[in-house]
Amino acid sequence: MPEPAPSAAHHRAAGGGSAGRGTTAGAATSAEHSAFSDASDALQSHREPSQIWGDEREAVSIALHWAASHTAVATDPKTTARSAADLQADVGATITEDGIGAARAMALFDEVLLPATRSIEDPMNLAHIPAAPTRAAVAFDTVVSAANVFGGVWEYGAGAIFAENQVLRWLSDLLGWPADSAGVFVAGGTHGNLSSLATARDHALRERGRRPEGGWALACASTAHSSIASAARLLDMDLVSVPVDDRGHLTGQALTRALESDPRICAVVASAGTTNAGIVDDLASVIEVAHRHGAWVHVDGAYGGAALVAPSARERFAGIEQADSFVVDPHKWLFAPYDCCALLYRDPRPAAAAHSQHAAYLDSIDRGESNPADLAAHLSRRARGLPLWYSLATHGTAAYTAAVEACLETSRSVARAIAETEHLELLLEPELSVVVFRRPGWSPAAYRRWSQRLAREGTVLCVPTAVDGEIALRLAFVNPSTDPQAVIEVLRTTMLAADGS
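For clarity, every value in this text was computed on a predicted model and none was experimentally measured. (Residues numbered from 1 in each chain as written. Predicted model: local features only at pLDDT ≥ 70, side-chain atom pairs only at ≥ 80, totals over all residues. Heavy atoms only, no water.)

Let us look at the packing of aromatic side chains. Here the structure, examined in full by the defined rule, presents 9 aromatic pairs. The interplanar angle of 15 degrees and the centroid separation of 4.2 Å between the aromatic rings of Phe 140 and Tyr 390 together place this pair among those described as stacked. Taken together, the residues Phe 140 in helix H6 (residues 135–147) and Tyr 390 in helix H14 (residues 386–395) connect sequence positions 250 residues apart. Here Phe 140 falls in the buried class, since its relative accessible area comes to 15%. Between the aromatic rings of Tyr 303 and Trp 333, the centroid separation amounts to 5.4 Å while the plane-to-plane angle is 15 degrees, which identifies the pairing as stacked. Residue Tyr 303 is found in the loop between strand E5 (296–300) and strand E6 (325–328), and its partner Trp 333 is found in helix H12 (residues 330–333); the two are separated by 30 residues along the sequence. Following the ring pairs from residue to residue traces out a cluster consisting of Phe 140, Trp 389 and Tyr 390. (Phe/Tyr/Trp six-rings, centres within 6.5 Å; stacked < 30°, edge-to-face > 60°. Helix = DSSP H or I, 4+ residues; strand = E, 2+ residues; numbered from the N terminus. Buried < 20%, exposed > 50% of the residue type's maximum accessible area, 1.4 Å probe, protein only.)

This is the structure in structure tokens:
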């Protein structure tokens with residue numbers, strides 16, 4: 001069987017650095033690959049070659065060996081995008097009439113395509129909202145793909161959906177929701193927010209009996225995630241922006257004025273951890289006011305909702321037990337791989353009324369069991385909640401609490417160090433695990449120069465943002481392996497120059 005050249009990833013997995021075929025590490029990698037291929041061939045021996053696809057044993061063995069090796073490979077924050085022209089020059093044509101073969105396709109992916117991406121899970125990737133999936137969850141994602149379960153309806157995916165529902169029940173219990181609450185895993189927070197707000201709009205129509213003159217509207221803070229404005233456009237709802245208080249929170253007091261002045265508002269979105277600054281809105285007062293005015297309350301906890309597992313942060317979510325819907329992205333801070341958003345409803349009946357699909361070929365579906373297709377804007381779906389289920393079942397919820405608490409403590413330690421460092425300025429005390437700060441005296445060009453230099457070096461990923469209209473920097477801690485002292489050392493030693501160099 002032809003064998004691809006050992007890649008850099010394979011060398012790292014075998015413990016070698018720049019070792020080649022003639023070295024001990026290279027020989028070990030080659031022997032490991034051969035042994036894996038032999039075992040894979042044996043497992044595939046019962047499958048006859050396809051009349052169309054031929055004998056796929058080599059393609060399967062190469063792909064599974066790479067996946068097994070890469071699951072344990074250390075990450076590198078330097079990896080980043082390249083231009084399409086550069087990639088075309090190195091990759092060339094891959095979609096051809098006769099194909100390029102599995103070995104060549106895998107070599108291109110491993111040596112050219114993957115290095116042109118940025119490691120999202122490196123402990124020093126602190127930009128945007130990174131991720132840090134457990135190795136167990138990453139490995140089980142391969143199992144989910146191999147099982148190829150249709151997770152849209154119970155009769156096709158009962159076992160997988162049952163396991164997903166156990167995770168959703170755990171999340172519902174964290175919210176303090178009743179036993180008949182329910183949910184579904186969708187692709188991401190944008191999908192979850194859109195589906196929940198579609199439910200809210202449909203529920204309002206059923207409750208009020210007609211569409212208001214001028215159409216529906218939804219209210220949220222000016223700091224709400226960009227997906228809320230996107231959902232409003234897609235749902236043909238006007239967006240009413242509510243000002244935040246001097247600490248950045250949406251409050252019931254400010255919301256009251258908006259609801260009293262615009263009766264078209266049928267839904268309110270509150271944030272349980274804003275992306276830019278990690279702010280948790282005043283959920284209790286927002287929910288009380290919204291419900292008093294007959295509005296649905298959706299809580300966007302895509303990033304910050306994971307902190308529900310942490311006793312030290314739990315009080316920030318007071319009142320969430322009365323919300324109508326909620327999202328959290330396990331691929332952000334609950335240590336699952338992409339893509340995975342948990343969408344939950346306190347009462348799932350309005351969601352089923354809004355999203356259930358009916359057609360001649362669907363009418364035989366058993367509606368007596370949990371059908372994920374009924375709770376969001378989708379029909380076909382993979383059982384994307386299973387990697388989280390496997391990791392939770394493997395490690396236990398106490399480990400998840402410890403991991404989130406570790407991130408919270410890291411953010412507090414780094415924030416204290418910034419406040420104590422003469423050339424830095426802490427802008428907000430962190431509520432969750434996002435730290436925003438400034439380097440007084442730097443121009444926007446200096447911020448960009450510093451950020452890009454450290455990214456190229458692979459030291460840290462930290463990109464400029466804006467706070468109250470002024471340029472700043474933010475650090476998002478969602479990886480329990482991040483060493484706070486390493487971060488503090490970088491900030492204290494690399495930000496001294498007046499021009500960011």
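A few words now on the nonpolar core. One recurring pattern in soluble globular proteins: nonpolar side chains tend to sit buried together. Counting 65 residues, the largest nonpolar core has Leu 255, Val 268, Phe 317, Phe 326 and Trp 333 as the members making the most contacts within it. Setting aside its immediate chain neighbours within four residues, Leu 255 contacts Ala 219, Val 242, Val 268, Val 286, Val 289 and Ala 290. One finds Val 184, Cys 220, Val 269 and Tyr 345 within the second-largest nonpolar core, a separate group that totals 26 residues. (Core = buried A, V, L, I, M, F, W, Y, C linked by side-chain atoms within 4.5 Å. Contact = heavy atoms within 4.5 Å.)

With that settled, the discussion passes to the sheet that holds strand E10 (residues 464–467). If you walk across this open sheet you meet the 4 strands as E8-E9-E11-E10, and the pairing is antiparallel. Unpaired on one side and paired on the other, strand E8 (425–426) and E10 mark the two borders of the sheet. Looking at chain direction, strand E9 (residues 434–438) and strand E11 (residues 470–476) are connected through 4 bridges and run antiparallel. Across the sheet, Val 436 pairs through a bridge with Arg 474, a residue of E11. (Pairing = 2+ DSSP bridges.)

The end-to-end C-alpha distance of helix H3 (residues 57–70) is 20 Å, a good match for the 20 Å that 14 residues give at a rise of 1.5 Å each. What H3 keeps buried is the set Ser 61, Ile 62, His 65, Trp 66, Ala 67 and Ser 69. (Expected span 1.5 Å × (residues − 1).)

With that out of the way, let us pick up the side chain of Ser 196. Looking at where Ser 196 falls in the secondary structure, it is placed in helix H8 (residues 189–208). Here Ser 196 falls in the buried class, since its relative accessible area comes to 0%. Only 3.2 Å separates the side chain of Ser 196 from the side chain of His 298, close enough to count as a polar contact. (Polar contact = N/O pair within 3.5 Å; in protein donor to acceptor, adjacent residues only side chain to side chain.)

Further remarks concern the packing of helix H7 (residues 154–175) against H14. At a closest axis distance of 9 Å, the pairing of H7 and H14 adopts a crossing angle of 65 degrees. On the basis of the axis angle, H7 is roughly perpendicular to H14. Viewed along their axes, H7 and H14 form a crossing whose handedness is left-handed. Taken together, the residues of H14 that come into contact with H7 (itself represented by Ala 160, Ala 163, Glu 164, Gln 166, Val 167 and Trp 170) are Leu 386, Leu 388, Trp 389 and Leu 392. (Axes fitted to C-alpha atoms, helices over the stretch in contact; angles between N-to-C directions. Parallel < 35°, antiparallel > 145°, perpendicular 65-115°, else oblique. Left-handed = near helix turned anticlockwise from the far one by under 90°.)

So, on to the confidence of the model for the protein chain. Looking at the protein chain as a whole, its pLDDT mean stands at 91, while 93% of the residues score no less than 70. Confidence over residues 1–22 falls short of pLDDT 50; this stretch has 44 contacts with residues more than four positions distant or in other chains. (pLDDT = per-residue confidence, 0-100.)

This next bit is on the environment of Leu 432. With respect to the element layout, Leu 432 can be found in the loop between E8 and E9. Sequence separation of Leu 432 and Ala 393 is 39 residues, and the distance between their C-alpha atoms is 26 Å. What Leu 432 contacts, discounting residues up to four positions off in sequence, is Ala 272, Gly 273, Gly 278, Val 280, Tyr 303, Gly 304, Ala 307, Ala 313, Arg 316, Phe 317, Leu 408 and Ser 411.

A word on the sheet that holds strand E4 (residues 265–271). Note on sheets: strands pair through backbone hydrogen bonds, and any given pair is parallel or antiparallel. Pairing within the open sheet is mixed, and its 7 strands lie in the order E1-E7-E6-E5-E4-E2-E3. Pairing within the sheet leaves two strands with one partner each, and these edge strands are strand E1 (182–186) and strand E3 (238–242). Geometrically, the sheet is characterised by an average inter-axis angle of 20 degrees between neighbouring strands, direction not taken into account. Pairing analysis gives 5 bridges linking strand E2 (residues 217–221) to E3, with the strands arranged parallel.

Neither face of E6 is open: one carries Ser 325 and Val 327, the other Phe 326 and Val 328, and all of them are buried. The pairing of E5 with E6 spans 3 bridges and is parallel. Looking at E6, one finds that Asp 300 is bridged to Val 327. Summarising the sheet, E6 and strand E7 (residues 341–345) pair through 4 bridges and their orientation is antiparallel. Its bridge partner lying in E7, Val 327 is registered against Leu 343.

We now examine the packing of H3 against helix H5 (residues 102–113). For the pair H3 and H5, the least separation of the axes is 9 Å and the interaxial angle reads 20 degrees. On the basis of their axis angle, the class for H3 and H5 is roughly parallel. Relative to H5, H3 is oriented so that their crossing is right-handed. Facing H3, whose interface residues are Glu 58, Ala 59, Ile 62, Ala 63 and Trp 66, H5 presents Ala 102, Ala 103, Met 106, Phe 109 and Asp 110. Along the lines of polarity and charge, the residues of the contact of H3 with H5 split into 8 nonpolar, no polar and 2 charged. (Nonpolar A, V, L, I, M, F, W, Y, C, P; charged D, E, K, R; others polar.)

Pairs can form between side chains of opposite charge once their charged atoms are near each other. Under the counting rule described, the total for this entry stands at 19 salt bridges. Between Asp 90 and Arg 82 there is a salt bridge; the shortest N-O distance is 2.8 Å. Here Arg 82 falls in the partly exposed class, since its relative accessible area comes to 35%. With a shortest N-O distance of 3.9 Å, Glu 409 and Arg 412 are connected by a salt bridge. One end of the pair is Glu 409 and the other is Arg 412, both in helix H15 (residues 397–420) and 3 residues apart, which spans about a single turn. Glu 409 sits in the partly exposed class, given a relative accessible area of 35%. The structure contains a network of salt bridges with shared partners spanning Asp 238, Asp 262 and Arg 264. (Salt bridge = Lys/Arg side-chain N within 4 Å of Asp/Glu carboxyl O.)

Relative to the helices and strands, Asp 329 resides in the loop between E6 and H12. At a separation of 2.5 Å, a polar atom in the side chain of Asp 329 contacts the side chain of Lys 332. Residues within four places of Asp 329 in sequence aside, it is in contact with Gly 188, Gly 189, Gly 301, Ala 302, Leu 334, Cys 340 and Cys 341.

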